[in-house]
Amino acid sequence: MMNNRKEYRSKRGSFAVLVFALAMIVSLIAGAGVSHASGGRIALTTNETTYEKGAFFTVVCRVSSGAGVGDTDFYVDFNTDIFKFMGGGSKATKETGGVHIQSTGNTDAPMTRTYSLQFFAKKEGTGSIFIRQGADVLDSEGKPISLSTDKVDLVIGNVPGADASTPPGEPGSTPAVSEPPKDLSKNNKVKDIVTNAIRFSPEFDPKVKEYEAYVGPDTETFFIDYILASKKARASISGNRNLSFGENTVKLVVTAENGDKRTYKFYVVREQTDTDAETAVVVTGAAADANKTLDKEGKNSYSIILYILIVVLSIFCISLVVLVRRMRKELESYEDMEDFYEKEDDAGSGEGDHEGGEIRSENGESRYWD
């Protein structure tokens with residue numbers, strides 16, 4: 001009987017533990033529905049994977065996270081013997097061996113922050129642009145984000161007769177020299193462009209020659225990463241450096257192989273009010289497609305992880321509820337048994353319903369009852 005009572009108390013304690021565990025799991029499921037996965041990605045994209053020596057190109061750096069992107073502090077490294085960093089706005093600073101991107105003190109936390117980095121291909125060869133280990137990115141609550149990063153591998157080809165060790169327009173640069181062959185190409189169009197404008201209109205069309213663009217107050221250089229429709233054409237940019245506040249005129253002149261020229265004009269307005277230029281960049285072509293893919297993959301990964309977590313916890317909760325019901329039935333059975341044992345103890349205590357006294361039988365003998 002004592003063993004049954006101990007087993008009953010043990011079962012009652014186990015029931016309390018299971019109820020507490022069930023409450024904790026329910027709270028976790030409720031929390032999973034409102035919290036975001038603390039994971040993110042720093043992606044690098046370019047319009048092309050091959051550029052000619054002497055070309056300017058833009059690397060779009062996008063920091064994304066389902067939990068929001070607050071402050072950022074990381075480095076973009078590259079092969080300094082092949083590439084030269086030209087600029088990337090107020091948040092990007094050239095340092096030894098790489099570019100330091102730092103954006104701190106932010107009061108907002110968008111899902112993505114975008115940085116546009118301009119490079120110059122100064123030497124032919126194969127080089128990489130990648131994120132240095134130790135990137136520090138915080139989410140909307142100021143907590144560190146677990147990051148995945150990637151890199152871009154670029155091939156720089158040689159242009160006969162060109163010396164691209166120094167960007168065009170800088171001291172020491174020399175123009176490309178080549179003798180015109182027969183049957184020269186007349187194609188002097190630009191196939192696509194990427195700029196560091198925060199607003200750009202109309203949408204780029206190779207046949208349209210004039211555009212309006214807006215940059216932030218901290219932007220001194222208007223970057224244009226262009227793709228020529230003909231590999232035999234050449235292009236030059238003027239007026240894109242040392243921008244004045246207000247309107248500036250930037251020209252992109254494309255010269256076909258036969259010498260015919262086409263001029264694209266960009267009326268660039270450098271705004272005087274503070275604008276978060278780092279989060280807006282005009283991206284077209286392959287870079288835009290890559291960005292859409294990144295957004296879709298990021299959202300799908302977060303959703304899949306959340307669904308798996310909810311399904312696992314739900315199955316566990318259902319199993320726990322079944323176990324709790326079974327325990328309750330056993331506890332009710334033990335309570336009935338305890339009542340039975342208590343009544344049995346009372347019956348075997350020696351206490352009767354008759355008080356002590358004399359009882360006389362029919363033959364006259366007397367007996368006493370205690």
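All of these numbers come straight from a predicted model, not from anything done at the bench. (Residues numbered from 1 in each chain as written. Predicted model: local features only at pLDDT ≥ 70, side-chain atom pairs only at ≥ 80, totals over all residues. Heavy atoms only, no water.)

(A) Region of interest: the confidence of the model for the protein chain. When pLDDT is averaged across the protein chain, the result is 76; 65% of the residues are at 70 or more. For the stretch residues 31–37, pLDDT sits under 50, and the model shows six contacts to residues farther than four places along the chain or on other chains. Predicted confidence is poor over residues 351–356, with pLDDT under 50, and the contacts of this stretch with residues over four places away or in other chains come to four contacts. (pLDDT = per-residue confidence, 0-100. Contact = heavy atoms within 4.5 Å.)

(B) Molecular detail of the sheet that holds strand β15 (residues 210–215). The strand order across the open sheet formed by five strands is β14-β15-β19-β18-β17, and the pairing between neighbours is mixed. Each edge of the open sheet carries a strand with a single partner, namely β14 (199–201) and β17 (234–238). When the angles between neighbouring strand axes are averaged without regard to direction, this sheet yields 20 degrees. (Pairing = 2+ DSSP bridges. Helix = DSSP H or I, 4+ residues; strand = E, 2+ residues; numbered from the N terminus. Axes fitted to C-alpha atoms, helices over the stretch in contact; angles between N-to-C directions.)

(C) Quick look at the nonpolar core. Phe 57, Phe 74, Val 76, Phe 83, Ile 101, Phe 119 and Ile 129 are the most contacted members of the largest nonpolar core, which totals 29 residues. Residue assignment for this core shows that the elements contributing at least two residues are β1 (39–45), β3 (56–65), β4 (72–78), β5 (83–87), β7 (98–103), β8 (112–121), β9 (125–131) and β12 (151–157). Beyond its immediate chain neighbours, meaning those up to four positions away, Ile 101 contacts Cys 61, Thr 72, Asp 73, Phe 74, Val 76, Lys 91, Ala 92, Tyr 115 and Leu 117. Judged by nonpolar contacts, the second largest core, of 20 residues, contains Phe 200, Phe 222, Leu 228 and Leu 252. (Core = buried A, V, L, I, M, F, W, Y, C linked by side-chain atoms within 4.5 Å. Buried < 20%, exposed > 50% of the residue type's maximum accessible area, 1.4 Å probe, protein only.)

(D) Quick look at the pairing of β9. Looking at chain direction, β4 and β9 are connected through three bridges and run antiparallel. Each residue of the ladder has a partner; that of Phe 78, found in β9, is Ile 129.

(E) Layout of the pairing of strand β16 (residues 224–228). Among the five residues in β16, five count as buried, and that is most of the element. The alternating pattern of β16 places Ile 224, Tyr 226 and Leu 228 on one face and Asp 225 and Ile 227 on the opposite face, and all of these are buried. As defined by bridge partners, strand β13 (residues 190–195) adjoins β16 across five bridges and the pair is classed as antiparallel. Across the sheet, the residue bridging to Ile 193 is Tyr 226, located in β16.

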